[in-house]
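The primary structure of each chain is shown beneath.
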Amino acid sequence: MGLLWIGYIVLNKTGKLFLFLLFTILFFQSCIYDFYRKEFASDKKSNDTFFLLAALGLLPNPNQKLFQFIPGYSRNLSDLQFADASFLENSNKPKIVFIHGWNPAERDSDPITGDSKKIINIKNTFLNGIIHYQENRSAVLTDFDLYLYTYRTSNSILVNGRQFHQTLRSEFSDSDRVYIVAHSMGGLVTRVSLLPEVGNLPFVKTVVTLASPQFGSPFATPTFLGNNGFINEVGSYLVDTQGGKELGHTNNGNNQISLSNAENTILDGINQKFTLNAIFISIAGELLQSCTGYETFYYKTGCDLLVNQGFAVNDGIVPLNSAILGGGTRKNITVSNYDHSMMAFQTTNVDDTKSQTLFDLVITEIRNF
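Residues numbered from 1 in each chain as written. Predicted model: local features only at pLDDT ≥ 70, side-chain atom pairs only at ≥ 80, totals over all residues. Heavy atoms only, no water.

> How do you make sense of helix H6 (residues 157–171) when you look at a structure like this?
An α-helical turn contains 3.6 residues, so a residue and the one three or four places further along point in the same direction. With 15 residues, H6 extends 21 Å from end C-alpha to end C-alpha; this agrees with the ideal 21 Å at 1.5 Å per step. Residues of H6 that are buried: Ile 157, Asn 160, Gly 161, Gln 163, Phe 164, His 165, Thr 167 and Leu 168. Residue Ser 156 occupies the N-cap position of H6, its side-chain oxygen lying 3.1 Å from the main-chain nitrogen of Leu 158. (Helix = DSSP H or I, 4+ residues; strand = E, 2+ residues; numbered from the N terminus. Expected span 1.5 Å × (residues − 1). Buried < 20%, exposed > 50% of the residue type's maximum accessible area, 1.4 Å probe, protein only. Polar contact = N/O pair within 3.5 Å; in protein donor to acceptor, adjacent residues only side chain to side chain.)

> Which parts of the structure should I look at to understand the packing of aromatic side chains?
For any pair of aromatic rings, geometry is given as the distance between the ring centres together with the angle between the planes. Counted under the stated rule, the structure contains 16 aromatic pairs. Relative to Phe 82, the ring of Phe 67 has its centre 6.5 Å away and its plane inclined at 90 degrees; by these criteria the two rings are edge-to-face. Of this pair, Phe 67 sits in strand S1 (residues 65–69) while Phe 82 sits in strand S2 (residues 82–84), placing them 15 residues apart in sequence. The pair formed by Phe 67 and Phe 82 is uniform in burial state, with each residue classed as buried. Geometrically, the ring pair formed by Tyr 149 and Phe 164 is tilted, given 4.5 Å between the ring centres and 35 degrees between the ring planes. One end of the pair, Tyr 149, is in strand S4 (residues 145–150); the other, Phe 164, is in helix H6, and 15 residues separate them in sequence. In this structure Phe 164 comes out as buried when scored by relative accessible area, which is 0%. An aromatic cluster of at least three residues, connected via ring pairs, comprises Phe 67, Phe 69, Phe 82 and Tyr 133. A cation over a ring is seen here: Arg 191 above Phe 280, with NZ or CZ 5.3 Å from the ring centre. (Phe/Tyr/Trp six-rings, centres within 6.5 Å; stacked < 30°, edge-to-face > 60°. Lys NZ or Arg CZ within 6 Å of the ring centre and 35° of its normal.)

> How should the nonpolar core be read in this particular structure?
Generally speaking, nonpolar side chains in soluble globular proteins are found buried as a group. The biggest cluster of nonpolar side chains holds 36 residues, and the ones touching the most others in it are Ile 96 and Ile 283. Of all hydrophobic cores here, the second largest spans 32 residues; its members include Tyr 151, Ile 157, Ala 182 and Val 189. (Core = buried A, V, L, I, M, F, W, Y, C linked by side-chain atoms within 4.5 Å.)

> For this particular structure, what's the right way to read the sheet that holds S1?
Backbone hydrogen bonds are what pair the strands of a sheet, in a parallel or an antiparallel way. Taken in spatial order, the eight strands line up as S2-S1-S4-S3-S5-S6-S7-S8 in an open sheet, and their pairing is mixed. Two strands close off the open sheet at either side, each with one partner strand: S2 and strand S8 (331–336). This sheet shows a mean twist of 25 degrees between the axes of neighbouring strands, independent of strand direction. Relative to the sheet, helix H7 (residues 185–193) contacts strand S3 (95–99), strand S5 (178–183), strand S6 (204–210) and strand S7 (280–286), its axis offset from that of S5 by approximately 135 degrees. Packing against the sheet, helix H14 (residues 353–368) makes contact with S3, S5, S6, S7 and S8, and its axis sits at approximately 170 degrees to S8. (Pairing = 2+ DSSP bridges. Axes fitted to C-alpha atoms, helices over the stretch in contact; angles between N-to-C directions. Contact = heavy atoms within 4.5 Å.)

> What is the right way to look at the environment of Ile 119 in this model?
Residue position: Ile 119 is located in helix H4 (residues 115–134). Between the alpha carbons of Ile 119 and Ser 78 there is a distance of 9.6 Å; along the sequence they are 41 residues apart.

> So what exactly am I meant to see when it comes to the pairing of S5 here?
As a general feature of sheets, a regular strand has side chains that alternate between the two faces. With six of six residues buried, S5 is to be regarded as a mostly interior element. The pairing of S3 with S5 spans five bridges and is parallel. Residue pairing for S5: Val 97 is matched across the bridge by Ile 180. Summarising the sheet, S5 and S6 pair through six bridges and their orientation is parallel. The residue bridging Val 181 from the neighbouring strand is Val 208, located in S6. Handedness of the crossover joining S5 and S6 through H7: right-handed. (Right-handed = clockwise from strand over helix to strand, strands pointing away.)

> What is the right way to look at the environment of Lys 300 in this model?
Note on placement: Lys 300 falls in helix H12 (residues 297–308). Sequence separation between Lys 300 and Asp 339 is 39 residues; the distance between their C-alpha atoms is 8.3 Å. Not counting chain neighbours up to four residues away, the residues in contact with Lys 300 comprise Ser 290, Cys 291 and Tyr 294.

> Where do I start with helix H11 (residues 265–273) in this structure?
Within H11 the residues assigned to the buried category are Leu 267, Asp 268, Gly 269, Ile 270 and Asn 271. At its buried positions, H11 is contacted by H6 and H7. The N-cap of H11, judged by a side-chain oxygen 3.2 Å from the amide nitrogen of Ile 266 a few residues on, is Asn 264.

> Quick question: what am I supposed to make of the pattern of salt bridges here?
Once their charged atoms are close, side chains differing in charge can pair, the charge on each being opposite to the other. Enumeration according to the criterion identifies twelve salt bridges in this entry. Across the salt bridge formed by Arg 75 and Glu 135, the nearest N and O atoms sit 2.7 Å from each other. With Arg 75 in the loop between S1 and S2 and Glu 135 in the loop between H4 and helix H5 (140–143), the pair connects residues that are 60 residues apart, well separated along the chain. With a shortest N-O distance of 2.8 Å, Asp 143 and Arg 367 are connected by a salt bridge. Of this pair, Asp 143 sits in helix H5 while Arg 367 sits in helix H14, placing them 224 residues apart in sequence. The partly exposed category is assigned to Asp 143, whose relative accessible area is 29%. Each member of the salt-bridge network shares a partner with another, and the members are Lys 65, Asp 84 and Asp 115. (Salt bridge = Lys/Arg side-chain N within 4 Å of Asp/Glu carboxyl O.)

Below is the structure:
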């Protein structure tokens, strides 16, 4: 009504030309809005409805999904190879579930992601590992089915962990044997999914964490940010979301280095309540004090900053002690000259020895458990 009144006044002053432009603009905006809804399948109001129903446990969160991978022959993986796990018959093979870490490209307020975007999120972390599976490294294709889980990382890890639990509970039975491979934040989401208060998942036999900040990371801690441009650019983006804030460094834990005013009550609560460290294998990346071995340069910068603050061994994002939970898991392994992304098998060249070696190590640890 307000726009029509304004149009009427202006029409009397400037004539029909302005009224034509006004309706053209409104029509153009309407077309953009319709395109926006078709592209993302939801406007914000619909998003809010979905999220409310998900929070009440009446619907799964539309931004999370479990896929089963269907092997092919080309390294150019098709979206069709990522099948909705709920529509496929469960085989008798043991299962490996990959769960990725933090994704800086999404926010809570973003529209619901379609399957293509979900698959991109998975590939951004685990493309090499999926190809290794498809090509049957360590006979993994012969012996295991591969599943991949994605979620919106800006949400709280407490919410994501409960939803991961619900998804696993609905897709697998107690007679299954499930092995979880979790990169970075994915390890924290997995820990929440296995908390006693969340529920029992007896089919989860082993969890292998890859550079998971189980005691947090200084880069998600406001007191660590200081005036350094690199830290502010990366760190402030992290702490701008609930999920990012919950990655912050905690001073509590075995062998933890203390940072001024650093506190993470979420991780402290998880670690205090957790009872299944005996099924966890923690693998940490190590860029030495000279910070060599990285493939992506900003991890070199991050490593230097951590070393200068007393975190002598790290992968450019996560300090060693955090990645191994202070030695508190069943087994701790450190691999040298791996940056944080490489800890998910992601090297520029899929045939890089580091990618293949880490993948073989993970599969060996799964088999040996």
